[in-house]
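One letter stands for each residue in the lines below.
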Amino acid sequence: MLIVMTQDATAAQIDAVRERVTQLGFQARPMPGEQRVAIGIVGNDGPVDGARFEGLPGVLQVIHVASPYKLVSREWHRDDTVVHLPNGATIGGRQICIMAGPCAVENREQLFETAESVARAGAVVLRGGAFKPRTSPYSFQGMGEPGLKLLAEARERFGLAVITEAIDEPSLDLVEHYADIIQLGARSMQNFALLRRAGRARKPVLLKRGLAATVREWLLAAEYILAEGNPEVILCERGIRSYDDATRNMLDVIAIPLVKQLSHLPVIADPSHGTGRRHLVGAASRAAIAADADGLLIEVHRQPDQAMSDGAQSLFPSQFVELMGEVRAVASAIGKTVQSPAVAAQ
Ligand code: PEP
Ligand code: MN
């Protein structure tokens, strides 16, 4: 970190900054320039909180030389993290992982029929919310624990791994018990107590990008989870809010390769929430795979027009079959393959 002093900073102000650096356990290296003094900080083996200097008299600017996150950064961990699931599926590396299923678990028939169709088409992970974070308190809030039990049954029946969302600490306890991946939704990305709890979980965590989160905030949220001891985090770009309401969100496709450059964690895309419209999900999926996403999270419903949530963006099973063919074609064009259930089951 570099602390840049104003042109008229006094010697006493410079000394006060040096003293604060020393108090924090680091060493200060003043660098006198033509017009002003800059003070470098050395001796830190991780990020330093710049806010501790910003308010001091005579400080013009604090410049972060290293990234503000450490554990998630590629600077500290060069190789890609690969997350392994109990059914043999992996997330990260050269093989693309497809996760699909309904927005919410509604009942046994709905879940099982949808699960069977996505497994047949090539998905290796089944999604389905049992705890739904809905904008309106009057909307369907999810089945709760009975929904988790259905997901666990579907896992056994179809050889899929299961991902489902936790919205608070009690639901995280249950999701950790029943599921293979704990999903933290966009609305929870800055629930720091929940991030810490997920960091103590013994299951991988999929962390969605917040509705208006910068890449830096998203990576710092992931840092919370790693800092508590859980190294298995999957990042999910699910679109950010823009000024234009022509689509539900704006899928930030270029954030995928950007984050993969900044971090060793796998990055997947959610084209369903990223667009909000069924007919845009295919194009967004192809773009995300071309942009090097490690996987996709797609909403599929056996009868989207009857869905209790997110029907407009849910694919019909036949559309999902078609999409899988397109995803395989784009993957092979960039030298990657899509995991097949048979591979995952080995
Ligand atoms: C979901 O996956 O159903 C969901 C609620 O997603 P998000 O947190 O991205 O809105
Ligand atoms: Mn949804």
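Residues numbered from 1 in each chain as written. Chains lettered and ligands numbered in written order. Predicted model: local features only at pLDDT ≥ 70, side-chain atom pairs only at ≥ 80, totals over all residues. Heavy atoms only, no water.

1. Topic: the domain arrangement of the protein chain
Turning to step 1, where the next piece is worked out: Considered domain by domain, the protein chain is made up of domain 1 (2–63) and domain 2 (83–345).
Turning to step 2, where the next piece is worked out: Here domain 1 and domain 2 have C-alpha centroids that lie 43 Å from each other. (Domains from an automatic or database assignment.)

2. A word on the site of ligand 1
Turning to step 1, where the next piece is worked out: Neighbouring ligand 1 are the residues C103, R127, K132, E165, Q183, G185, A186, R187, K208, R238, H273 and E299.
Turning to step 2, where the next piece is worked out: Side-chain polar atom of R127 to an oxygen atom of ligand 1: 2.9 Å apart, as the coordinates give it.
Turning to step 3, where the next piece is worked out: Between ligand 1 and the protein, one listed contact pairs an oxygen atom with a side-chain N or O atom of R187 at 2.8 Å.
Turning to step 4, where the next piece is worked out: The protein chains hide 97% of the 300 Å² of surface that ligand 1 would expose on its own.
Turning to step 5, where the next piece is worked out: More than half of the atoms of ligand 1 fall within 2 Å of the grid points belonging to the second largest pocket.
Turning to step 6, where the next piece is worked out: Looking at the shell around ligand 1, its residues break down into two nonpolar, three polar and seven charged. (Near = heavy atom within 4 Å. Polar contact = N/O pair within 3.5 Å; in protein donor to acceptor, adjacent residues only side chain to side chain. Areas by Shrake-Rupley, 256 points an atom, 1.4 Å probe, with all protein chains shown as cover. 1 Å grid on protein atoms, 1.4 Å probe; cavity = no way out; pocket = protein on both sides within 12 Å on 5 of 7 lines; lining within 4 Å. Sits in = over half its atoms within 2 Å of the grid points. Nonpolar A, V, L, I, M, F, W, Y, C, P; charged D, E, K, R; others polar.)

3. Comments concerning the coordination of the manganese ion (ligand 2)
Turning to step 1, where the next piece is worked out: For the manganese ion (ligand 2), the protein coordination sphere consists of C103 (SG), H273 (NE2), E299 (OE) and D310 (OD), at 2.0 to 2.4 Å.
Turning to step 2, where the next piece is worked out: In the primary sequence, the donor residues of the manganese ion (ligand 2) line up as C-x169-H-x25-E-x10-D. Note that H273 is positioned in helix α9 (residues 271–275) and E299 in strand β14 (residues 295–299), a separation of 26 residues in sequence. Each of the two residues, H273 as well as E299, counts as buried. (Donors = N, O, S within 2.8 Å, 3.2 Å for Na, K, Ca; no water. Helix = DSSP H or I, 4+ residues; strand = E, 2+ residues; numbered from the N terminus. Buried < 20%, exposed > 50% of the residue type's maximum accessible area, 1.4 Å probe, protein only.)

4. Notes on the pattern of salt bridges
Turning to step 1, where the next piece is worked out: Applying the stated rule across the entire model yields 19 salt bridges.
Turning to step 2, where the next piece is worked out: D180 serves as the salt-bridge partner of R155, at 3.0 Å between the closest nitrogen and oxygen. In this pair, R155 sits in helix α4 (residues 145–158) while D180 sits in the loop between α5 (169–178) and β10 (181–184), placing the two residues 25 residues apart along the sequence. Like D180, R155 is buried.
Turning to step 3, where the next piece is worked out: Between D292 and K336 there is a salt bridge, and its shortest N-O distance comes to 2.7 Å. (Salt bridge = Lys/Arg side-chain N within 4 Å of Asp/Glu carboxyl O.)

5. Quick notes on the layout of surface pockets
Picture a little ball the size of a water molecule; that probe, rolled over the atoms, points out where space is still empty.
Turning to step 1, where the next piece is worked out: In this model, the largest pocket occupies a volume close to 370 Å³.
Turning to step 2, where the next piece is worked out: Residue lining of the largest pocket: 21 residues in total, with M1, P47, V48, H64 and P68 positioned closest to the centre.
Turning to step 3, where the next piece is worked out: Those elements that place two or more of their residues in the lining of the largest pocket are α2 (51–54) and α7 (215–227).
Turning to step 4, where the next piece is worked out: Taken together, 19 residues line the second largest pocket, and the ones lying closest to its centre are P133, R187, R248, H273 and D310.
Turning to step 5, where the next piece is worked out: When the residues that make up the lining of the second largest pocket are grouped by side-chain class, the tally is three nonpolar, seven polar and nine charged. (Points joined across faces, edges and corners; volume = space filled by probe spheres on them.)

6. Comments concerning the packing of helix α6 (residues 192–199) against α7
Turning to step 1, where the next piece is worked out: One can describe the packing of α6 onto α7 by two numbers: an axis separation of 6 Å at closest approach and a directional angle of 45°. Classified by the angle their axes make, α6 and α7 are oblique. Both α6 and α7 take part in a crossing whose hand is right-handed. Within the contact between the two elements, α6 uses F192, L195, R196, A198 and G199 and α7 uses A221, Y224 and I225.
Turning to step 2, where the next piece is worked out: Residue classes in the contact of α6 with α7 are distributed as six nonpolar, one polar and one charged. (Axes fitted to C-alpha atoms, helices over the stretch in contact; angles between N-to-C directions. Parallel < 35°, antiparallel > 145°, perpendicular 65-115°, else oblique. Left-handed = near helix turned anticlockwise from the far one by under 90°. Contact = heavy atoms within 4.5 Å.)

7. Digging into helix α1 (residues 11–23)
Structurally, the α-helix is built with 3.6 residues per turn, so residues lying three or four positions apart point the same way.
Turning to step 1, where the next piece is worked out: A rise of 1.5 Å per residue sets the reference length of α1, with its 13 residues, at 18 Å; its end C-alpha atoms lie 18 Å apart and thus fit the reference within 8%.
Turning to step 2, where the next piece is worked out: Residues I14, V17 and V21 constitute the buried set of α1. Buried residues of α1 fall within an arc of 60° about the axis and therefore sit on the same side. Turned more than 90 degrees away from the buried face of α1 sit A11, A12, E19, T22 and Q23, all of them exposed.
Turning to step 3, where the next piece is worked out: Those residues of α1 that are buried lie in contact with β1 (2–5), β2 (27–32), β3 (37–42), α2 and β4 (59–63).
Turning to step 4, where the next piece is worked out: Positive backbone phi, approximately 95°, marks G25, located one or two places after α1. (Expected span 1.5 Å × (residues − 1). Arc of directions from axis to C-beta.)

8. Overview of the packing of aromatic side chains
Turning to step 1, where the next piece is worked out: Taken as a whole and judged by the stated rule, the model has two aromatic pairs.
Turning to step 2, where the next piece is worked out: For the ring pair F112 and F158, a centre distance of 5.9 Å and an interplane angle of 75° mean the geometry is edge-to-face. Placement of F112 in helix α3 (residues 108–121) and of F158 in helix α4 is noted, with a sequence separation of 46 residues between them. An identical accessibility class is assigned to F112 and F158; each is buried.
Turning to step 3, where the next piece is worked out: Above the face of the W76 ring, K70 is positioned so that its terminal group lies 4.4 Å from the ring centre.
Turning to step 4, where the next piece is worked out: Above the plane of the ring of F112 lies R108, whose end atom (NZ or CZ) is 5.4 Å from the centre. (Phe/Tyr/Trp six-rings, centres within 6.5 Å; stacked < 30°, edge-to-face > 60°. Lys NZ or Arg CZ within 6 Å of the ring centre and 35° of its normal.)

9. Overview of unusual backbone geometry
Turning to step 1, where the next piece is worked out: Positive phi, close to 85°, is recorded for D292, a residue that is not glycine.
Turning to step 2, where the next piece is worked out: Its place among the elements puts D292 in the loop between α10 (278–290) and β14.
Turning to step 3, where the next piece is worked out: A positive phi angle, near 55°, is found at D310, a position not held by glycine.
Turning to step 4, where the next piece is worked out: As for its position among the elements, D310 is in the loop between β14 and α11 (317–333).

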